[in-house]
Amino acid sequence: MTGYKVLTKQGLKGPFKKSSIYKAVTSAMLPLQARLLEIDSGRYISAAELVGERVEPRAKPEPVHKVDDDTHPHGPSETTKAEPLKFADEVPEPEPARPQAGEALPRIIFAGKVPLKRAIRLPKALKAKPKLPVPEQAPVGEDSDELILTT
């Protein structure tokens, strides 16, 4: 039975048996694109070749046509100048559409009672300022110079 070493970023790891490599591939611990060194022959094979799988080559991306930043193509030969970008506060707001002469203005109809201006009236109890209690003072003793305060 031949052994295999797995090529990693840190170098060759192993040796591993074919059954161990097969188990690692089926449990997704080793990708099919992994490179393996066959110890007996000294040649490199992929893990997919060892387990009998086919790996489809990656499709090359289609080339993208490069377009200048200030143009955008509308057709094969047409290009137009793009307007420079502006901040939202630099762009004026469009004026609202006004009805033509003779057209009736749109009417707003409220369903039910909807007050347009309404003052909130507070009850008198909430309007009045709360009165703070006044501290009580005991009468001054005639015989002494002390003042007695109660809390």
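Residues numbered from 1 in each chain as written. Predicted model: local features only at pLDDT ≥ 70, side-chain atom pairs only at ≥ 80, totals over all residues. Heavy atoms only, no water.

Relative to the elements of secondary structure, leucine 37 occurs in strand 3 (residues 35-38). Take leucine 37: its relative accessible area is 15%, and that puts it in the buried class. Spatially, the C-alpha atoms of leucine 37 and lysine 13 are 9.7 Å apart, while their sequence positions differ by 24 residues. (Helix = DSSP H or I, 4+ residues; strand = E, 2+ residues; numbered from the N terminus. Buried < 20%, exposed > 50% of the residue type's maximum accessible area, 1.4 Å probe, protein only.)

Quick look at the side chain of serine 46 now. Here serine 46 shows up in strand 4 (residues 44-46). For serine 46, a relative accessible area of 10% corresponds to the buried category. Other than its neighbours up to four places away in sequence, serine 46 contacts Leu32, Ala34, Arg35 and Leu36. (Contact = heavy atoms within 4.5 Å.)

Taken residue by residue, the protein gives an average pLDDT of 75. The fraction at 70 or more is 64%. Mean pLDDT per element in the protein: strand 5 (residues 71-73) is the minimum at 52, and strand 3 is the maximum at 93. (pLDDT = per-residue confidence, 0-100.)

Let us now look at the sheet that holds strand 4. Strand order in the open sheet made by the four strands is 2-1-3-4, with antiparallel pairing throughout. A strand with exactly one partner marks an edge of an open sheet, and here the two such strands are strand 2 (11-16) and strand 4. Going across the sheet, the axis of each strand differs from the next one's by a mean of 35°, ignoring polarity. Bridge count for strand 1 (residues 4-8) against strand 2 is four bridges, and the pairing is antiparallel. Counted as the bridge partner of threonine 8 is glycine 11 from strand 2. (Pairing = 2+ DSSP bridges. Axes fitted to C-alpha atoms, helices over the stretch in contact; angles between N-to-C directions.)

Our focus in this paragraph is the pairing of strand 1. Counting the residues in the hairpin turn of strand 1 and strand 2 gives two residues. Where strand 1 meets strand 3, three bridges bridge the pair, whose relative direction is antiparallel. Its bridge partner lying in strand 3, valine 6 is registered against leucine 36.

With that out of the way, let us pick up unusual backbone geometry. Cis rather than trans, the peptide bond between glycine 14 and proline 15 has omega equal to 15°. Looking at the element boundaries, proline 15 is found in strand 2. The backbone phi angle of alanine 28 is positive, close to 65°, even though this residue is not glycine. Examined against the element boundaries, alanine 28 turns out to sit in the loop between helix 1 (18-26) and strand 3.

What follows deals with the nonpolar core. Nonpolar side chains tend to gather and get buried jointly when the protein is soluble and globular. Counting residues in hydrophobic clusters, the biggest one holds twelve residues: Tyr4, Val6, Ile21, Ala24, Val25, Leu30, Ala34, Leu36, Ile45, Ala47, Leu50 and Val51. With near-sequence residues (within four places) excluded, leucine 50 lies in contact with Tyr4, Lys18, Ile21, Leu36 and Ile45. (Core = buried A, V, L, I, M, F, W, Y, C linked by side-chain atoms within 4.5 Å.)

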